[in-house]
Amino acid sequence: MTVRNILEWSPSAIVFDCDGTLMDTERHWQEARNATFRVFGLKPPAGFADRAKGVHYTECGALMAEETGKPDLADDLADTLLTTFTALVDADPVTMPGAAALVRLAARHLPLAVASNCPREMVESCLDRAGLLGSFGHVVVAGEDVRPKPEPDVYSVAARLCGVPPEEALAVEDSLTGIESARRAGLRALGVGPCPPGPEAERADLWVASLADRELVAWARSRIGA
């Protein structure tokens, strides 16, 4: 799918990632990871933040344990990571640029859902405090019967709950992990944030610097809000 085609297309539903896409929480995850390493007297491996972006917190704990040579600490690292992150978000919930406006516009015309690797209570609390929770018909999170991203489950379930075939839904994501999940589920994908170098950029149908991108806003008004 080319950039031109996605901007000439009208989705039947939109499924948003939460962390780093709707809510400015990636900085909180980074701070929580660093704090967790410090609590256990561990040094963050080089490039760890890039490898951890978009990864479910339990898998992140396992990755932290593996890369620091402390496999027995995986569960403790994951628990500390989540507790630290939750406290940081509660203290400072902030939406990403353009996110609130796009969600409110789209919610007037299309079914919307959230697909996240984070715990439900955290996602719903963040969105509620941002005044966005009521815009979403469904919040789908990884759990016992729903595998986390990059598996396709959260996006497959979200599209089904929105009542549309996956190919008619648009996923909005800030991580390659999430984009991989969406594409495996059959959704088209909009990447938000710095465009990755090389062929990885082609995983998304389109990359924009933020949800306040002028071309994206114009597309939303003409294809969604018409």
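Keep in mind the model is a prediction, meaning the values are calculated, not measured.

A. The pattern of salt bridges, seen in detail. Applying the stated criterion across every chain yields a total of 13 salt bridges. Note that Lys149 and Asp17 form a salt bridge whose closest N and O atoms lie 2.9 Å from each other. One end of the pair, Lys149, is in the loop between strand E3 (138-141) and helix H8 (153-162); the other, Asp17, is in the loop between strand E1 (13-16) and helix H2 (26-39), and 132 residues separate them in sequence. A single burial state applies to Lys149 and to Asp17, both of which are buried. Where Glu124 meets Arg120, a salt bridge forms, and the shortest distance between an N and an O atom there is 3.4 Å. Taken together, the residues Glu124 and Arg120, both in helix H7 (residues 120-129) and 4 residues apart, mark about one turn of the helix. Note on Glu124: relative accessible area 29%, which makes it partly exposed. What you see here is one network of salt bridges that share partners, running through Arg147, Glu151, Asp153 and Arg184.

B. Looking closely at the pairing of strand E2 (residues 112-116). Most of E2 is tucked away, with 5 of its 5 residues classed as buried. When E2 meets E3, the two strands line up parallel, connected through 4 bridges. Bridge pairing in E3 places Ala113 opposite His138. Read as a crossover between parallel neighbours, the route from E2 over H7 to E3 is right-handed.

Calculation notes
Residues numbered from 1 in each chain as written. Predicted model: local features only at pLDDT ≥ 70, side-chain atom pairs only at ≥ 80, totals over all residues. Heavy atoms only, no water. Salt bridge = Lys/Arg side-chain N within 4 Å of Asp/Glu carboxyl O. Helix = DSSP H or I, 4+ residues; strand = E, 2+ residues; numbered from the N terminus. Buried < 20%, exposed > 50% of the residue type's maximum accessible area, 1.4 Å probe, protein only. Pairing = 2+ DSSP bridges. Right-handed = clockwise from strand over helix to strand, strands pointing away.

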